[in-house]
Structures are given as structure tokens and as C-alpha cells.
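# Observations on chain architecture
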Amino acid sequence: MTAKIISGKQVAARIKESLKNEVGLLKSKGILPGLAVVIVGSDPASRIYVNSKKKACEEIGIYSEEYALSEETTQEELLRLVRTLNEKKDVHGILVQLPLPNHLNEKEVINTINPDKDVDAFHPINVGKIMLGEPDYLPCTPAGVMELIKESGIDIAGKECVVVGRSNIVGKPQAMLLLQQHGTVTICHSRTKNLKEVCKRADILVVAVGKPQIITGDMIKPGAVVIDVGMNRLENRKLVGDVEFDSAVNVAGAITPVPGGVGPMTIAMLMKNTVKAAQIQLLSK
Ligand code: NDP
């Protein structure tokens, strides 16, 4: 039997549709949610991500503005822009597209964003709130993964959840969200011994490594829910995940494709956070 394919594209479309209504409601109260997107340099992948985010804003009716800075931008110039955006009344969310060129200090930039406008949820205050289980904003990719797990129909409580990857952007917050839903969570990384055995225990397996097809069908428990966060561009330009889809689909109970899985969800959750930012700032007026 082959796995149910969880379409992130469809779930994201549903979420964006309901956000349109919320934006309409905010507009009727005189508030137009606004997102500022900052991109530094000319990394082609970053450009694609920024364009998709702007397109999603248009679809939903969110106002967006883009600041495309040159590769040579200094730290001080970038910080000055962030501080200006922090004060700008028509901007409710600020997104600085990562990675930044090497000469810039990402941590300092993130720490300068007003936590109320930090729709990526990367600021230490927002990370702390996630740890405490009291988030204003959920980190976009892990929150998108949670929606896809929900879509699979599995109840997380008490299940063996394995997260492969421990980055601050995906792996660590992912583990925290699964824990908050009462999963029994294991986090794997590059020093994990017996990756195969640990993965094979998982009822829910989330893979965020960045290595093409590192997880194969023989590492998956029959019937498991498999969420593939990885996005890897092969030499032939093909986009593949971290999971070898063709072998995994015959073992898993449900699985996300790449593309069309987690990617569209990340953007939908960014839109959700931007709408929430406008709501939070409306209440704090
Ligand atoms: P990072 O490079 O920051 O982290 C990768 C993690 O994988 C690290 O914790 C690393 O371990 C671990 N790892 C590396 N090799 C192995 C291995 N052989 N076995 C087990 N673990 C290993 O990546 P990100 O978390 O930022 O992203 C991961 C992937 O997800 C990438 O492909 C990225 O493009 C994709 N991504 C997709 C998004 C989407 O919207 N679809 C959004 C964000 C990311 P260690 O800590 O020990 O080095």
C-alpha cells in the first residue's frame, strides 16, 4: 500500500483563503496589515523566496514593501533600516531574508527587530516564549509542519516523534512544538549514532537536514507520518527533499512531497503571523 500524500499546496491554499477573511475584517477596522521584506545581495534562492512571499501578500490583500539592498551594505546601514521599520506605522511585520552575506552579523540584525514585528519568530524574546509555551508568533516552518501533521489525521499525544536536524530555525523549535502537543520527542543531528534505528522508532518523523535523500524507506516505521522539510537542488536542477520519496512512499502511512509539501506552508504561516502582528498592534494601541 502506498502512503497518503499530504499536499502542502492544498493546506496552504485553505489557510490563505481564511486569512483573506481576517484581512477583510482588519480592513473594516481601518487596519491594513503590512509586511516589510528586506533582502541583501543577489542570492538567487533568496530572490525566489522573497518573490513568493510578496506574491502571497498580494493574494491575501496584505500590503508589502521590499527593500533590496546591495551586497556591499554595511551592518550599520542594515541596522538603521531595521530601526526605521520598527517605527513605521504601516509595517506590522519585518522579515529579513536569511542568509545574509558573510560580512553581516545576522544575530545582531535579528536582535534589533522589534519582537512585536518579528514575524519569523527568530528574536530571542519570541524564541523564549516558544520554549515557555506562550508564543505570540510560531516559527513559520515548524508551524507549517504541525499543520501538515494535523492534516494526516494522527494524534500527536504519546507518539514517538523523531526530528532529524537541530537548527534554530527548524529542528529545535520543531521539537518544542511536538513536545507541547505531548509527543515523546527525540532530536537527531550529525553526531547521532544509529540514525536508522532511531528513525525506525518514529510514529512521526520530521526531517530537516539539507542532504538529498538521506532518509530511505528502510529507515521508516511502516505506517509512519513522514514530513520532509529538506529542499535540495541537484546538479540537474531538480528539487528534492531529504527523504528518498520513491522508497519512503511504500512504507510510510502519510508523506509530504518536495516540492509542494512544507515549502508552501512556510509562506502561509508567515502570512498568518503578519495578520496576527497587525491584530496584536491594533490591540496595543
Ligand atoms: P541547517 O544546516 O541549519 O541544519 C541541518 C541539521 O542537520 C543540523 O542540525 C545538522 O546537525 C543535521 N545533520 C547534518 N548532517 C546530518 C546527518 N548525516 N545525520 C543527521 N543529522 C544531520 O539546516 P536548516 O535546518 O536551516 O534546513 C534544513 C533543510 O530544510 C535544508 O534543506 C533547507 O533548505 C530546508 N528548509 C526548508 C524550508 C521550507 O520552507 N521548506 C525552510 C527552512 C529550511 P549538526 O547540528 O550536528 O551539524
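Residues numbered from 1 in each chain as written. Predicted model: local features only at pLDDT ≥ 70, side-chain atom pairs only at ≥ 80, totals over all residues. Heavy atoms only, no water.

## A word on the nonpolar core
Definition in use: Each nonpolar core is a collection of buried residues, namely Ala, Val, Leu, Ile, Met, Phe, Trp, Tyr and Cys, held together in the definition by side-chain atoms within 4.5 Å. Classification of residues uses two cut-offs on accessible area relative to the type maximum, computed with a 1.4 Å probe and protein chains only: under 20% is buried, over 50% is exposed, and between them is partly exposed. For the purposes of this entry, the term helix denotes a DSSP run of H or I that reaches at least four residues, the term strand denotes a run of E that reaches at least two, and both are numbered from the N terminus. All domain edges in this entry derive from an automatic or database-based domain assignment. Whether two residues touch is decided by their heavy atoms; if any such pair falls within 4.5 Å, the residues are in contact.
With 53 residues, the main nonpolar core has L35, I62, I149, L178, V206, I227 and M271 as its most contacted residues. With eleven residues, helix α10 (residues 262-283) is the single largest residue contributor to this core. Each of two domains, domain 1 (30-114) and domain 2 (140-263), supplies a minimum of three residues to this core. Apart from residues lying up to four places away in sequence, M271 is in contact with L19, L35, K53, A56, C57, I60 and I62. In terms of nonpolar packing, the next biggest core, distinct from the first, is built from 20 residues, V162, V164, C188 and L205 among them.

## Re helix α1 (residues 8-28)
As a reminder of what qualifies: One less than the residue count of a helix, multiplied by 1.5 Å, gives the span that helix is expected to have. The directions considered for the arc run from the helix axis to the C-beta atoms.
For α1, which comprises 21 residues, the first-to-last C-alpha distance of 30 Å matches the rise-based estimate of 30 Å (1.5 Å per residue) to within 8%. If you check which residues of α1 are buried, you get G8, V11, A12, I15, K16, L19, V23 and L26. What you see down the axis of α1 is that its buried residues fit within an arc of 130°, all on one side. Exposed positions of α1 whose direction lies more than 90 degrees from the buried face are Q10, N21, L25 and S28. The inward-facing, buried residues of α1 abut α2 (44-60), α6 (140-152) and α10. Following α1 by one or two positions, G30 has its phi on the positive side, about 85°.

## Observations concerning the sheet that holds strand β11 (residues 254-255)
For the record, the criterion: For two strands to be treated as a pair, DSSP must find no fewer than two bridges joining them.
With respect to topology, six strands assemble into an open sheet ordered β1-β11-β8-β7-β5-β6, the strand pairing being parallel. The open sheet has two free edges, formed respectively by β1 (4-5) and β6 (184-188), since each of these has just one partner strand.

## Focus on the site of the ligand
Stated formally: By convention in these notes, a residue is near a molecule or strand provided one of its non-hydrogen atoms lies within 4 Å of it. Under the rule applied, a polar contact is a pair of N or O atoms within 3.5 Å (in protein, one hydrogen donor and one hydrogen acceptor; residues adjacent in sequence only if both atoms are side-chain atoms). Three classes are used: nonpolar for Ala, Val, Leu, Ile, Met, Phe, Trp, Tyr, Cys and Pro, charged for Asp, Glu, Lys and Arg, and polar for all others, with Gly counted as polar.
With respect to spatial proximity, 21 residues lie near the ligand, and among them R166, S167, S190, M231 and T266 are the closest. K211 is positioned with one of its side-chain polar atoms (N or O) 3.1 Å from a nitrogen atom of the ligand. Between T266 and the ligand, the recorded distance is 2.7 Å, taken from a side-chain N or O atom to an oxygen atom. Tallying contributions element by element places α10 first for the shell around the ligand, with three residues. In terms of residue class, the shell around the ligand is built from nine nonpolar, ten polar and two charged.

## Some details on the sheet that holds strand β3 (residues 63-69)
Just so we agree on the cut-off: Every axis in this analysis is a line fitted to C-alpha atoms, fitted for helices over the stretch in contact. Angles between the N-to-C directions lie between 0 and 180 degrees.
As summarised here, the arrangement of the three strands in space is β3-β2-β4, forming an open sheet in which the pairing is parallel. Edge positions in the sheet fall to β3 and β4 (93-96), since each of these pairs with one other strand and no more. Recorded for the sheet is a direction-independent mean angle of 15° between the axes of neighbouring strands. Relative to β4, strand β2 (residues 34-40) runs parallel, the two sharing four bridges. Paired with V37 across the bridge in β4 is L95. Its contacts with the sheet place α2 against β2, β3 and β4, and it is angled at close to 160° to β3.

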